[in-house]
Amino acid sequence: PIMAEKTILIISTLDTKGEETYYLRDKVQSLGLTPLLMDISMRGEGPTRADITPDQVAAAGGSTIEEIRVSKERSRITNITIAGASRIAVERLGEGGLNGVIGMGGSTGSLMATEVMRALPFGIPKLMISSTAALPGLSTRYIGTGDIALFHSVIEISGLSDLLKNVMDRAAHAMAGMVHETITSPKAKKGKAIAITMLGPCEQCASSVRTSLEQAGYQVIGFSAAGIGDRAMEEMISQGLFQGVIDLAPGGVGEHLFGFMRDAGPNRMESAGRGGIPQIISTCSVNHMTPAKSRYKPEYHERRKYDLDKYRTWIRLSPAELKEVAGAFRDKLNSAKGPVKVLIPLRGWSSVDYPGNATYDPEEDRVFVQELRRDLNPDIEILEIDANMEDPEFAAAVVTASLKIL
């Protein structure tokens, strides 16, 4: 059968979950798929019936299974095992021998298996059967920036009861569905896929730009620029899924500098430049910060602020902070190998920026622009638009600039 050509990597710890894993393997096979069993056990002794053994995983991580078994440094051996398993999974994918991944485990097993899954690109089906999926804080760590389906087993993965068989059966059938021939490929037609960052206070602009570009024949894929979505966008750009980026809301660059809630990591606004694909950059939220209220410095209470809702408050950046963020922008954009245009709305950088609001200060925003211009690569054009970011004129300018370089 055609499905037998589909290889499913099953990641588990056979020293503690052998019987349960073999049941899942057999179920996967019964559905016409080819299971590939990876054992990431760190303590088990004796032979394993896995296709990829703990010895092979340890070796791929630069160690030996003997060293792992005697080590008392749990975090170190866990990282070695994750690195080895990830390397093997990526290599199998590169050889064309991997179509999906299923993991099973408790908290440690889930953390390890999902790290391996996140080493694989967007679009490869990833399913994690976890007895700890509902524990506060863990599900977000399991998923991170990965397109991982989290299956809460509810019961412990311990003992082959009919309830657990039901869970495994459903997981196997779910994976069979996810690797079916009729699933759309994530790779858009060449020259068609554009990433765009979005945020509530520039939603009208993003929506208008998306609609116009779709009418011009592009697929426009939005990412919420709240820290996780824009991190994921950077990873997916690196995977070659996009041919251009319209970065309306790159506030995560500054949030990373200062350790705030929308921190998008150290590589924010770098993947497109490294890959040489065109970038349109603008400034939604760049002049505001979102520190967690539990981490407010005393002086933050004195700053000009805007309450987005009862949970989120935007605080105005100081001129010194604006200069620091502009410097980070300049360094990242100067290293870009592809075309870059920066569009600055002169009448406010978001719907929050309007006359009468305490944080509205277009004169102070010019501190950012002046610092950005200093030593900026002369090939990078800065266009200043006499409009608020949410005005139709600004969206039209973004579309015009985009069509020139995409």
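Data block above holds the structure.
Residues numbered from 1 in each chain as written. Predicted model: local features only at pLDDT ≥ 70, side-chain atom pairs only at ≥ 80, totals over all residues. Heavy atoms only, no water.

1. Describing the nonpolar core
Right, on to step 1. Counting residues in hydrophobic clusters, the biggest one holds 29 residues, and the most contacted among them are V209, I246, L248, F394 and V398.
Right, on to step 2. For this core, the secondary-structure elements that each account for two or more residues are β6 (193–198), α8 (203–215) and α14 (392–405).
Right, on to step 3. Ranked by residues supplied to this core, first place goes to α14 with 7 residues.
Right, on to step 4. Among residues more than four places away in sequence, those in contact with L248 are I196, T197, C202, C205, A206, S282, T283, C284, M389 and V398. (Core = buried A, V, L, I, M, F, W, Y, C linked by side-chain atoms within 4.5 Å. Buried < 20%, exposed > 50% of the residue type's maximum accessible area, 1.4 Å probe, protein only. Helix = DSSP H or I, 4+ residues; strand = E, 2+ residues; numbered from the N terminus. Contact = heavy atoms within 4.5 Å.)

2. Things to note about the sheet that holds strand β10 (residues 288–289)
Right, on to step 1. Spatial strand order, β10-β12-β11: 3 strands in an open sheet with antiparallel pairing. Only two strands of the sheet have a single partner each, and these edge strands are β10 and β11 (305–307).
Right, on to step 2. In terms of strand pairing, β10 meets strand β12 (residues 313–316) through 2 bridges, oriented antiparallel. Bridge pairing in β12 links M289 to I315. (Pairing = 2+ DSSP bridges.)

3. Here we look at the packing of helix α4 (residues 74–94) against helix α5 (residues 107–118)
Right, on to step 1. Packing of α4 against α5 brings their axes to within 8 Å, and their N-to-C directions diverge by 40°. Here α4 and α5 pass one another in a crossing that is right-handed. Here R74, T78, T81, I82, A85, S86 and A89 of α4 come into contact with α5, specifically with T108, M112, E115 and V116. (Axes fitted to C-alpha atoms, helices over the stretch in contact; angles between N-to-C directions. Left-handed = near helix turned anticlockwise from the far one by under 90°.)

4. Side note on α4
Right, on to step 1. For α4, which comprises 21 residues, the first-to-last C-alpha distance of 30 Å matches the rise-based estimate of 30 Å (1.5 Å per residue) to within 8%.
Right, on to step 2. Within α4, burial applies to I77, T78, I80, T81, I82, G84, A85, S86, I88 and A89.
Right, on to step 3. On its buried side, α4 packs onto β1 (7–12), β2 (34–39), α2 (54–60), α3 (65–70) and α5.
Right, on to step 4. G96 occupies a position one or two residues after α4 and carries a positive phi of about 80°. (Expected span 1.5 Å × (residues − 1).)

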